[in-house]
Number of protein chains: 2
Amino acid sequence: MAQQPDTVTRILDTAEVLFAERGFAETSLRNITSKAKVNLAAVNYHFGSKKALIQAVFARYLDPFTVRFHAALDELEARHEGGVIPLEELLETMARSVLEVPAERHSLKVFMRLLGLAYSQAQGHLRRYIQEQYGSVFTRFTELVRQATPELPDAERFWRLHFMLGTVIFTLSGLDALRDIAEKDYGEHVSVRDLVRRLRPVVVAAMNAPLPEPAPVQREAG
Amino acid sequence: MAQQPDTVTRILDTAEVLFAERGFAETSLRNITSKAKVNLAAVNYHFGSKKALIQAVFARYLDPFTVRFHAALDELEARHEGGVIPLEELLETMARSVLEVPAERHSLKVFMRLLGLAYSQAQGHLRRYIQEQYGSVFTRFTELVRQATPELPDAERFWRLHFMLGTVIFTLSGLDALRDIAEKDYGEHVSVRDLVRRLRPVVVAAMNAPLPEPAPVQREAG
DNA sequence: AGAACATTCAAACAATTGTTTCCAATGACG
DNA sequence: CGTCATTGGAAACAATTGTTTGAATGTTCT
């Protein structure tokens, strides 16, 4: 069942880069196999189908991430002995977990671009797959955030978390294009870690923003 | 040259919905023409190619938007007689302009989903096309934001604007999926305008967030 | 009316897609 | 040795893709 060495890894390495660059539908199996220098039939032989290959590419990132993130949350909870964990520490822990995983493998840029694609592209199988992998950690993380921000209404916190998810995924997945503009306009080269540094106060401020004015009563009075 | 009535509009109406639902590569011309009840060749006859059709779909949103947004900024500048326009008013004006345009046409959801796709999918022709259409208004808007936030370093403002762009596009383009979750978990049905109401204080707080700690000197000291 | 033009239609085009099959070569392990 | 899983190669598969063609039809103007 399990492959240890070459062909499978070669396919995954090539596929994730091409997927990140051009999307799933725009990347053909022949693109992958020719660049990876493996036979065309190898993909169907080892993975079964293109859909399964796509999921395998994600699994190689998500599996280590969930393990690591759970462990980091374990340690964080132990350190606070059942007390409330401050929001900044929760966000910091998440950022660290996200940053650690691709460091062993490929660039964070590829990982984030894949996440962005998963959200915007292919409506079907991928979203479900991600939900199954991400679901448990994200639920746990959400609950900790709830305890850290007791003053926030549940719905408000839900939406703000997704606002910030959008900020991070959008920025990091479109990093190349944005970096080009920024570099041209401000001469300054930004690294991913530089961006995370800039993101931190913004995310914290966004989560702690004042509550919106209550919704008007269905139809605004004249 | 100009078609007034049926076939062209029918194609555009159908194409924008299908594109928004499934992406560009995943939507075939036969999907569009069969659902629009027009002949397959009609697309190439009226638009020339699929790429041109995609751009036409965007033009139908972006052209009215840029006109309207420029006008709104004109009025805003006139009202402040050369003085600095507060950030809240700038954001409010932009939100209003974005909300107004699709109201005449289709749902804001489709518009935002298309914007999201333009950013995440197909790196080539579309991004350039959007840049040409959006470029002038966005530059003008950016300059006004600069005057409204003189304390922000230029690079910091650039990134924060894109952070917020990511928040809005990501949230509104993935609205359907998020709405399903929110509705299931909190029983509350959210409208687009409800979401904009929630976004406002978050965006303002994010833009006014404290500056990040300065970047470490290349390699952190032990 | 006829001429000129714009549009619609069915059919075919060439190219590319994911997938399968058959066959030979390789290596590992019993 | 022989068995079996893994590779590589080449070919073909059925299906779908965007695009083009040429004839039929409609519309418009003189």
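Right above here is the structure, for reference.
Below, the structure is looked at part by part.

What counts, and at which threshold
- Numbers given for residues are sequential positions, taken from 1 along each chain in its written order.
- Whichever chain is written first is A, and whichever ligand is written first is 1; the rest continue in order.
- With the structure being a predicted model, the display of local features is reserved for residues of pLDDT at least 70 and the display and counting of side-chain atom pairs for 80 or more, all residues being used for whole-chain, interface and lining totals.
- Side-chain metrics in this entry use all non-hydrogen atoms of the structure; hydrogen atoms and water are not considered.
- The least-squares superposition of copies is restricted to C-alpha atoms, and to residues with a pLDDT of at least 70 in both copies.
- Whether two residues touch is decided by their heavy atoms; if any such pair falls within 4.5 Å, the residues are in contact.
- Once two parts are brought into contact, the accessible area they lose, counted with a 1.4 Å probe and summed over both, makes up the buried area.
- Throughout this description, the term salt bridge denotes a Lys or Arg side-chain nitrogen within 4 Å of a carboxyl oxygen of Asp or Glu.
- Polar contacts, as used here, are pairs of N or O atoms within 3.5 Å; protein pairs need one atom able to donate a hydrogen and one able to accept it. Residues neighboring in sequence count only if both atoms are side-chain atoms.
- Counting from the N terminus, the helices are the DSSP runs of H or I reaching at least four residues and the strands are the DSSP runs of E reaching at least two.

### A word on the relation of the copies chain A and chain B
For step 1, the next point in the chain: At an RMSD of 0.1 Å, chain A and chain B line up after a rotation of 180° and a shift of 0.1 Å along the axis. Here the two chains are linked by the operation of a two-fold rotation axis.
For step 2, the next point in the chain: Taken as a fraction of all interface residues of chain A, those also at the interface in chain B reach 100%, which identifies the copy contact as same-surface.

### Some remarks on the interface of chain A and chain B
The extent of an interface is frequently quoted as the accessible surface area lost upon association of the parts.
For step 1, the next point in the chain: Taken together, the 52 residues of chain A in the interface contact 52 residues of chain B.
For step 2, the next point in the chain: Taken over both partners, the interface formed by chain A and chain B buries close to 4,400 Å², and the fraction arising from carbon and sulfur atoms is 70%.
For step 3, the next point in the chain: When the buried surface of chain A facing chain B is broken down by residue, W159, F163 and F170 of chain A rank first, second and third, together holding 17% of it.
For step 4, the next point in the chain: Applying the counting criterion to the chain A and chain B interface returns 4 salt bridges.
For step 5, the next point in the chain: Inspection of the region where chain A meets chain B yields 7 residue pairs in polar contact (both at pLDDT 80 or more).
For step 6, the next point in the chain: Those elements that place two or more of their residues in the side of chain A that touches chain B are α1 (7-22), α6 (108-120), α8 (154-173), α9 (175-186) and α10 (192-207) of chain A.
For step 7, the next point in the chain: Looking at the side of chain A that touches chain B element by element, the count peaks at 15 residues for α8 of chain A.

### Thoughts on the side chain of T14 of chain A
All names here are of chain A.
For step 1, the next point in the chain: With respect to the helices, strands and loops of the structure, T14 is situated in helix α1.
For step 2, the next point in the chain: Polar contacts involving the side chain of T14 include one to the main-chain carbonyl oxygen of R10, which spans 2.8 Å.
For step 3, the next point in the chain: Contact partners of T14, with chain neighbours within four places excluded, come to I32, K35 and A36.

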